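Chain by chain, the residues run as shown.
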Amino acid sequence: MELRQLEHFVAVAEERHFTRAAERLAVSQSGLSASVRALEHELKTPLFSRTTRTVRLTEAGAALLVEAERTLAGARAARDAVDAVRGLLRGTLTLGVEQCVAGVSTARLLAAFHREHPHMEIRLRQEGTSSLLEGVAGGRLDLAFAATVSPPEWRGELVPLAREPMVLLCAPGHRLAQEDGRVAWGELRGESFIDFHPDWGPRRAADEAFAAAGARRTVALEVNDVHSLLELVHEGLGIAVVPHHFSRKPEACGLVAVELDGADRPGYESVVVLPPARAMSPGAKALMTLVRKTQPR
């Protein structure tokens, strides 16, 4: 079993398509298919269930994927460690990020990192917090900027970035927009809510806040991006409980932000999710140096 075969297998598993995986790796599709078939022959079991339209992992393939990602991450770490000793920072930095994470500008941070380490390849994945935790744990990601991580979910290091309250956003004509700057949780009963899918950090924070207040709600409209959420609120299709910094976005101009009763309610917290210190890649360590430089004291 060769690292090249594992790289080919992981690419097909992630793309769920042989042609796209071949394009991503800049290899021929026939060569990629032959590499995967050789791996299946060596392991004596199919790794993918193939049809004319879909490529899916078999049970054996799913089990191999976890170990293949860990093996490839270990090989990258070994190469990076040797380069670091030589005074070079090369290789690949793979990080994950929640959308609109507070306390850090991902674009500015990565631009600064690229200026300092131009030979490092940067790969960015935007995912929900649960997927980010799995990615760091499995070695698929070097580190991640996530939101609302509870201690039982992650036993490794969490570096706080920002913490802020949740606020209610509604259209100017909504009845709650007429309140005197503050709304009780009981007043939200019966309202139609717009929110993200359950894996996204703002949704997790909102669910925790409602649970802590003993309030129930129905999320009628679920979206995957903040711009769609704000647009739906603008149109009066529902209200949203979101981190406070959402209300300062240009797209939120014209919406009314209302404070929610209960200063002790859970808030929105963004953190850096790090693997154990011994497993941190040189690229991750260099990025964290930049993060700490830019964080307010």
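Residues numbered from 1 in each chain as written. Predicted model: local features only at pLDDT ≥ 70, side-chain atom pairs only at ≥ 80, totals over all residues. Heavy atoms only, no water.

A. Broad picture of the overall build of the chain. A tally of helices and strands in the chain yields nine helices and 13 strands. Dimensions of the chain, computed from the C-alpha atoms along their principal axes, are close to 70 × 50 × 35 Å. Within the chain, the proportion of its 297 residues that are buried is 46%. Total accessible area computed for the chain in this model is approximately 15,300 Å², and 51% of it derives from carbon and sulfur atoms. (Helix = DSSP H or I, 4+ residues; strand = E, 2+ residues; numbered from the N terminus. Buried < 20%, exposed > 50% of the residue type's maximum accessible area, 1.4 Å probe, protein only. Areas by Shrake-Rupley, 256 points an atom, 1.4 Å probe, with all protein chains shown as cover.)

B. Quick look at the packing of aromatic side chains. Inspection of the entire model under this criterion finds five aromatic pairs. Seen in terms of ring centroids, Phe 9 and Phe 48 are 5.4 Å apart; in terms of plane orientation they differ by 45°. Their pairing is tilted. Linking Phe 9 in helix H1 (residues 3-15) with Phe 48 in strand E1 (residues 48-50), this pair joins segments that are 39 residues apart in sequence. On the accessibility criterion, Phe 48 (4% relative accessible area) is buried. Plain terms: the ring middles of Phe 193 and Phe 210 are 5.4 Å apart, the flat faces sit at 85° to each other, and that makes the pair edge-to-face. Pair noted here: Phe 193 is in strand E9 (residues 192-196) and Phe 210 is in helix H7 (residues 201-213), with a separation of 17 residues, a long-range link. Its relative accessible area of 3% is what places Phe 210 among the buried residues. Counting every residue linked through ring pairs, the aromatic cluster contains Phe 9, Phe 18 and Phe 48. (Phe/Tyr/Trp six-rings, centres within 6.5 Å; stacked < 30°, edge-to-face > 60°.)

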